[in-house]
Amino acid sequence: MAQDNKTYEPLINPDDFNSIQTTISIMNVTTRMEIKPKKFGPEEIGIKLIEFMGMELVFEIPANSCAPGHNVLIHIEATGPDKKKVQFNTTAKVTELEDPGDNRHTIKVSLLQYDEMSYNDFNSLFSSRQQEIEEFFNGVKGR
Amino acid sequence: MANLDPKKMAQLFSAYIGVRKIVIADESSSSRAGLAKTMIDMGAKASLITMASSYSVAESEIARVKPHVVICDYDLGKAMGLTLLQMQRKSQADTKNSLFVLVTGNTSQSAVAQAAEEDVDTFIIKPYTVESIRRSIMQAAILKVYPNDYQKTVDEGKKLLFEAKPDEAIALFDKAMTLHPKPSLACFYKGQAELMKQMMDNAQGDYMEGLAFNKIHYKCMTGLYDLFMQKQMYSEAYDIVKKLSRYFPANPQRLASVMRLAIMTKSYEDIEGFYRNFMDIEARTEELSRYVTAALVVCGKYYFQNDLPSRALELMNKAAITAAGRTKVLREIIITLLSFKQQKQAQDFLNRFPAETRKGADFLSMELVVLDGLVSVSKTIENGRRLLQQDLHDPAVYTVLIRRSNEAKLFDAAEQLLQTAVQKWPQQAKEFQDAASEGLRKSGGK
């Protein structure tokens with residue numbers, strides 16, 4: 001950005017409009033099928049990571065992609081607003097499956113083999129962002 | 001609240017949530033189910049939880065159920081979940097005991113800042129841990145429903161303010177300031193009390209004290225901005241509003257204020273910098289585009305007025321690009337260029353109207369205006385009359401026709417056009433009169 005004689009301070013930081021981007025791929029090792037986004041009518045159901053539960057993760061996936069007891073291979077790549085990338089790979093077992101409707105299934109997977117440092121990096125990308133948000137809210141509201 | 005132990009907090013929250021009606025709005029059924037389960041684990045009653053799978057369902061459920069607690073995603077299809085907050089506030093009279101919680105995969109600072117500005121109670125990102133949801137929602141509820149001594153004192157002071165008792169209110173806010181390590185909220189309300197007493201310098205001091213405790217305190221920043229504007233301290237207002245824009249970037253109205261103050265304080269180079277900033281944003285909204293475009297055109301006019309035509313044209317060009325075919329912007333640019341005798345450049349911009357807009361009023365009226373002076377007077381009048389017959393009533397068309405009709409000594413026609421134009425657009429009466437006078441001068445008079 002060109003600078004004038006007086007110090008120019010950017011009005012808007014473009015990074016402020018970027019979210020953490022997550023790309024998830026899951027291979028169902030048991031069925032040897034990749035779990036892919038599926039179209040149900042006009043709606044496409046993809047893979048979303050919903051919840052961290054210690055050594056377990058909760059995903060939303062297209063319905064009928066796997067079953068409890070299946071082994072899966074998960075690859076997640078997350079990119080922060082500052083473009084920093086974090087990758088996490090793990091083998092896991094599907095321990096629970098729920099059918100909340102709408103052509104989706106919610107699965108809970110138990111992590112089997114993974115690199116702990118990568119997992120911590122991945123986890124802390126979100127936990128530190130949550131912390132930042134809470135501090136920002138407290139500051140803005142004067143809590 | 002910091003002194004409450006976790007067990008006590010959980011008990012208080014369970015007592016609160018157990019009798020509250022909740023609406024959970026999220027397009028993902030997995031998320032809805034997960035959030036409902038978490039709320040039930042925290043003490044909510046399943047029978048008091050309503051699910052909404054879309055914005056429209058959430059709207060009707062909020063109106064029907066009048067929930068105390070709304071938990072929703074920031075993005076609900078094409079609509080923003082945040083707009084449900086106003087609906088909840090209208091439907092739920094008991095706002096002191098109500099909560100609005102965002103649980104979303106949108107982790108952008110712009111979304112977070114917008115939520116904080118709208119006074120959302122808490123913002124939780126996905127993927128979440130159950131612990132983070134519990135902690136966040138509990139804290140937000142306890143703060144609101146079981147306020148600590150600081151908050152209670154500030155609230156009592158606010159009551160006195162509403163009763164127009166500023167001196168008594170100030171005493172309470174002074175007391176509140178001893179009850180919190182960073183009492184920015186008390187400083188803000190003390191400032192409000194000083195304003196009530198017309199003590200603007202004192203109010204300014206209070207807001208600044210609040211910001212010294214906490215540089216992003218929203219109320220102190222906006223209070224200071226409003227005060228500077230009232231005192232016509234535009235440079236200071238400009239500095240504050242720029243800071244507000246940096247911390248709360250997704251507010252287009254504020255961007256408009258920044259642009260306006262940049263012009264008022266003659267900080268034209270800043271506008272060019274803002275444009276470069278703006279172009280770096282990947283997800284540019286329509287509203288943001290409009291404000292930036294308008295500012296570029298105004299900036300361009302300034303450069304023309306100060307005899308810097310090439311710089312002006314550069315900005316007009318940028319405005320046209322940002323406008324992405326919006327015909328009102330091209331029209332404004334053309335009118336500006338013609339007012340500064342930039343005939344050829346005006347013609348270039350006329351050629352930038354997209355093909356599909358060339359039967360529209362903006363293009364046809366600008367075509368008449370640009371060609372006026374390049375074709376004969378009679379041809380201009382013929383073209384203009386044809387547009388009126390096609391029911392294209394545009395002030396620019398009338399201005400040209402009034403002037404040329406008088407020039408061609410068609411005085412009755414010019415007078416009729418003038419009367420019609422003034423009746424339709426009274427705020428532009430002077431412009432039409434000036435056109436009539438110019439035409440008369442060129443004709444040698446009646």
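The following refers to the structure shown. (Residues numbered from 1 in each chain as written. Chains lettered and ligands numbered in written order. Predicted model: local features only at pLDDT ≥ 70, side-chain atom pairs only at ≥ 80, totals over all residues.)

1. Focus: the overall build of chain A
When helices and strands are tallied, chain A shows one helix and nine strands. Ordered by position from N to C terminus, the α and β elements of chain A give β-β-β-β-β-β-β-β-β-α. Over its C-alpha trace chain A gives a radius of gyration of 19 Å, far above what one expects of a compact globule, namely 15 Å for 143 residues. Judged by the C-alpha coordinates and their principal axes, chain A covers about 65 × 40 × 35 Å. Buried positions account for 30% of the 143 residues belonging to chain A. Put simply, of all contacts in chain A between residues at least 6 apart along the chain, 59% involve residues at least 24 apart. (Helix = DSSP H or I, 4+ residues; strand = E, 2+ residues; numbered from the N terminus. Rg over C-alpha atoms; globule rule 2.2 N^0.38 Å. Buried ≥ 20, exposed ≤ 12 C-beta atoms within 10 Å, placed from the backbone. Contact = placed C-beta atoms within 7 Å.)

2. Brief notes about the overall build of chain B
On a plain count of helices and strands, chain B comes out with 23 helices and eight strands. Computed over its C-alpha atoms, the radius of gyration of chain B comes to 29 Å, more than 25% above the 22 Å expected for a compact globule of 446 residues. Reported as C-alpha extents along the three principal axes, the dimensions of chain B are approximately 90 × 55 × 40 Å. For chain B, the residues scored as buried account for 47% of the 446 residues in total. Counting contacts in chain B only where the partners sit at least 6 residues apart, residues at least 24 apart contribute 54% of the total.

3. So, the interface of chain A and chain B
Contacts between chain A and chain B engage 40 residues on the former and 48 residues on the latter. Contributions of two or more residues to the side of chain A that touches chain B are made by strand E5 (48-53), strand E6 (56-62), strand E8 (85-101), strand E9 (104-114) and helix H1 (116-141) of chain A. For the side of chain A that touches chain B, the element with the most residues is H1 of chain A, which contributes nine residues. Its residues assigned to classes, the side of chain A that touches chain B comprises 20 nonpolar, eight polar and twelve charged. When E5 of chain A meets strand E8 (residues 128-129) of chain B, the two strands line up parallel, connected through two bridges. Looking at E8 of chain B, one finds that Phe52 of chain A is bridged to Thr129 of chain B. (Nonpolar A, V, L, I, M, F, W, Y, C, P; charged D, E, K, R; others polar. Pairing = 2+ DSSP bridges.)

4. Some thoughts on helix H23 (residues 429-443) of chain B
Residues and elements named next belong to chain B. Its 15 residues place the ends of H23 21 Å apart at the C-alpha level, agreeing with the 21 Å of an ideal helix rising 1.5 Å per residue. Buried within H23 are the following residues: Phe432, Ala435, Ala436 and Gly439. On an axial view of H23, the arc spanned by its buried residues comes to 100°, and they lie on one face. In H23, the exposed positions angled more than 90 degrees off the buried face are occupied by Lys430 and Arg441. Lining the buried residues of H23 we find helix H21 (395-407) and helix H22 (411-424). Looking one or two residues past H23, Gly444 carries a phi angle of roughly 90°, positive in sign. (Expected span 1.5 Å × (residues − 1). Arc of directions from axis to C-beta.)

Geometric values such as these leave the question of function open.
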